[in-house]
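Geometric and topological summary
This is what each chain is made of:
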Amino acid sequence: MNSRLLALTRRCPHQFRRVPTTQRRWQQTVPPKPAMSSNPTVAAFRIVGQQLKVTLKYTGLTAASLALATAIAWQSYHLYIENYRESTPNELSYRARNLLHGAYVREHISPDYQVAANYVRKVLNIALETLDESSDIVIQLRLRLANDENRAGNVLEAITEYTRVWKLAPSPAVAKKLGDLYMRIGELEEAEQFLTWSFQQESNVTTLCSLASLYAVRRQFKLALPLLLQALKSMPEEEICLKGIVQNQLCEVMYGMGKTDEALGWAQASLESCSGKEDQDCRECGGVVSNNLGRLLEIKGEFEKALTHYKQAVAYAAASNDLGGQAQYETNVQRLTEQLSQEKHEGATVLSDVTSAIQPQEAKKDKGSSWLNSLFNKK
C-alpha cells in the first residue's frame, strides 16, 4: 500500500504537495467574504447585535474591574485605620468593627458627630447581643457615644448615656461631664452636686474651672474668682489652651464684677494664649474670647475694633466646626455692620444739612460784600 502511494506521489507531485505552516495559518485568518443578503434591514440588525455584544462585554469587564478596585481600596482603608489609627476590640464582630472605623472617619477625618453617634449606637446594639452591660467594652462604647452626642449638640442624649455609665462605674471624669452638661441646660443644683463630688475625689484644674463657671452663672463672683486664680496658678506650663480658657473665664468674672478694664486685659491675655495653636480647644476658646473682646470694645465705643474681633470670632468658630457659635458671632457682625452703616448714613445726612444751612449764609455774605464794594466804588 505504501509502495503504491509512493509511486503515485512521484507521478503527480503537485497533487500531494504539502502546504507550509505559515501559509495555512494565513489562509485560516483570512476573513470570510461577506454574505450577500436580499434584506438589508436584517443584515443591519445582525451587525448592530454583534457590536452590542462586544460593547456589553467590555462594559461588563470595566464594571467588574472598577468594583474590584473599589473593594480593594475599601478593605485597605479599613486595614489602615485598624492597624495604624485606632484598633478595635477583638470581641466585636466584623461588621461592628467596620462601623467603628466609619465612626473614626466621622470623628477625626471628615467631622460629622451626628453620623458618628449613629455608627457608635449601632455598634453598641450589636455588642449588647453578646456582651454584658457592665463589660468594659460596652462602657467605653457608651462613653464614646455620649461624647459624640455632646459634640453633635444633643445634650439630653449625652446626659442619658453618661448617667448610665455613672450608675455602672462612677468616676470623677464622668461626674465632671455630667456637671458641665447639667449646667448647660440650667440644672444648677444637679450640676453643683456632680462637680462638688468630682472635686472632692480628684482636685484638678478642669474641675476648678467648672465650679468657677457655676458660681459665675449664679453671679457669685467672689466665690468664682479665687477658684480661677488657684487654677491658673497650679496649671502646668504645657497646658496653653487651658490657660487661655481660664483667662477668658477671669475676663467674664471681672466684667460681672463691673471691672471693665481688668476684663479687657484678661481677654487680651486669653486671646494671646490661644492664637496660632492648631488645637480644637484653642480654636473654641479663640472664638469665645474674640467675641467677648468685641463686646467689651463695643461698650467702650471702639466699634471698628469690635467689628474686627467679631469677624475673628466667626473665623475661629468655622475652624473649630462650632456651628452654634458661628451663627451667634455672625449675628453680632451683621448687627454692628448695620449699625455702623446707619451711623455713617446719618452722619452724611447731618453734614449735608449743615452744608445746606451754611451755603445760604455765605451767599448773603457775598451779596453784602458785593454791595459794599459797589458802594465804595461809587465813592
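Cut-offs applied
Along each chain, residue indices are assigned from 1 in the same order as the chain's sequence is written. Local features in this predicted model are restricted to residues whose pLDDT is 70 or higher, and side-chain atom pairs enter the listing and the counts only when it is 80 or higher, whereas totals over whole chains, interfaces and linings include all residues. Note that the side-chain values use all heavy atoms of the structure and ignore hydrogens as well as water. Starting at the N terminus, helices and strands are each numbered in turn, a helix being any DSSP run of H or I of at least four residues and a strand any DSSP run of E of at least two. Working definition: with a 1.4 Å probe on protein chains only, accessible area under 20% of the residue-type maximum means buried, over 50% means exposed, and in between means partly exposed. Note on contacts: a residue pair is in contact if any heavy atoms of the two residues lie within 4.5 Å. Residue-level accessible areas treat just the shown protein chains as cover; the underlying method is Shrake-Rupley with a 1.4 Å probe. When the centres of two rings from Phe, Tyr and Trp lie within 6.5 Å, Trp using its six-membered ring, the rings pair. Their planes under 30 degrees apart give stacked, over 60 give edge-to-face, and anything left gives tilted. Where helices are involved, their axes are fitted lines through C-alpha atoms of the stretch in contact, as for all axes, and angles between N-to-C directions lie from 0 to 180°. By the definition adopted for this analysis, an angle is roughly parallel if under 35 degrees, roughly antiparallel if over 145, roughly perpendicular if from 65 to 115, and oblique otherwise. For any helix crossing, the convention is left-handed if the near helix is rotated counterclockwise from the far helix by under a right angle, and right-handed if that rotation is clockwise. Residues are grouped as follows: Ala, Val, Leu, Ile, Met, Phe, Trp, Tyr, Cys and Pro are nonpolar; Asp, Glu, Lys and Arg are charged; all remaining types, including Gly, are polar. pLDDT runs from 0 to 100 and stands for how confident the predictor is about each residue. Cysteine sulfur atoms that come within 2.5 Å of each other are treated as a disulfide pair. The residues that make up patches have over 30% relative accessible area and no salt bridge, and they are joined within 9 Å when like-charged or within 5 Å when they are Val, Leu, Ile, Met, Phe, Trp or Tyr. We define a salt bridge as a side-chain nitrogen of Lys or Arg found within 4 Å of a carboxyl oxygen belonging to Asp or Glu. For a helix, the expected span equals 1.5 Å multiplied by the residue count minus one.

Remarks on the overall build of the protein chain
When helices and strands are counted, the protein chain shows 16 helices and 0 strands. Residue burial in the protein chain is summarised as follows: out of 379 residues, 31% are buried. Summarising the internal contacts of the protein chain: among those between residues at least 6 apart in sequence, 46% fall at separations of at least 24. Surface exposure of the protein chain reaches about 24,800 Å², of which carbon and sulfur atoms provide 56%.

Details of the packing of aromatic side chains
Taken as a whole and assessed by the stated rule, the structure comprises 3 aromatic pairs. On the basis of an interplanar angle of 80° and a centroid distance of 5.4 Å, the ring pair of Trp166 and Phe194 is categorised as edge-to-face. You can see Trp166 sitting in helix α7 (residues 155-168) and its partner Phe194 sitting in helix α9 (residues 188-201), a full 28 residues away along the chain. Each ring, one from Tyr182 and one from Phe194, has its centre 5.8 Å from the other, and the planes form 5°; the classification is stacked. Pair noted here: Tyr182 is in helix α8 (residues 172-184) and Phe194 is in helix α9, with a separation of 12 residues, a long-range link. When sorted by exposure, Tyr182 lands in the same class as Phe194, which is buried. Counting every residue linked through ring pairs, the aromatic cluster contains Trp166, Tyr182, Phe194 and Trp197.

Things to note about the packing of helix α12 (residues 240-256) against helix α14 (residues 280-299)
At their nearest, the axes of α12 and α14 sit 9 Å apart, and the two run at 25° to each other. Relative to α14, the element α12 is oriented roughly parallel. Between α12 and α14 lies a crossing whose hand is left-handed. Residue-level contacts link Cys241, Gly244, Ile245, Asn248, Cys251, Glu252 and Tyr255 of α12 to Asp281, Cys282, Cys285, Val288, Val289, Asn292, Leu296 and Ile299 of α14. For the contact of α12 with α14, the per-class residue count stands at 10 nonpolar, 3 polar and 2 charged.

A closer look at unusual backbone geometry
Across residues other than glycine, the phi torsion is negative in most instances, and most of the peptide bonds are trans. You will see that Arg219, though not glycine, has its phi angle at about 65°, which is positive. By the secondary structure assignment, Arg219 is in the loop between α10 (205-217) and α11 (221-233). Taking relative accessible area as the criterion, Arg219 reaches 58% and is therefore assigned exposed. Even without a glycine there, the phi angle at Asn321 is positive, about 60°. Here Asn321 shows up in the loop between α15 (303-319) and α16 (323-378). The partly exposed category is assigned to Asn321, whose relative accessible area is 40%.

Structural notes on the confidence of the model for the protein chain
Mean pLDDT over the protein chain: 82, with 79% of residues reaching 70 or higher. Looking across the protein chain, the model is least confident in helix α2 (residues 21-29), with a mean pLDDT of 51, and most confident in α7, with 96. Here residues 357-379 scores under 50 on pLDDT; set against residues more than four positions off or in separate chains, the count is 0 contacts.

Examining the state of the cysteines
In this structure the tally under the stated criterion is 1 disulfide. Residue pairing for Cys241: its cysteine sulfur links by disulfide to Cys282, the two sulfurs lying 1.8 Å apart. Its S-S torsion of about -100° marks the bond between Cys241 and Cys282 as left-handed, since a negative value means left-handed. Of this pair, Cys241 sits in helix α12 while Cys282 sits in helix α14, placing them 41 residues apart in sequence. Across the pair, Cys282 and Cys241 agree in class, each one buried.

Some words on the environment of Ser135
With respect to the element layout, Ser135 can be found in the loop between α5 (113-127) and α6 (136-151). Along the backbone, Ser135 and Leu168 are 33 residues apart, and their C-alpha atoms lie at a distance of 9.5 Å.

Quick notes on a nonpolar patch on the surface
On the surface, a cluster of nonpolar side chains totalling about 310 Å² of accessible area is made up of Val54, Tyr58 and Leu61. Note that Leu61 resides in helix α3 (residues 40-85).

With respect to α6
For α6, with 16 residues, the first-to-last C-alpha span of 23 Å sits near the 22 Å given by 1.5 Å per residue. Within α6, the full set of buried residues consists of Ile137, Val138, Ile139, Leu141, Arg142, Arg144, Leu145, Ala146, Asp148, Glu149 and Asn150. Buried residues in α6 make contact with α4 (94-109), α5, α7 and α8. Downstream of α6 by one or two residues, Gly153 has phi in the positive range, about 95°.

Structural notes on the pattern of salt bridges
Per the stated rule, a full pass over the model turns up 15 salt bridges. With a closest N to O distance of 2.3 Å, Glu278 and Arg283 form a salt bridge.

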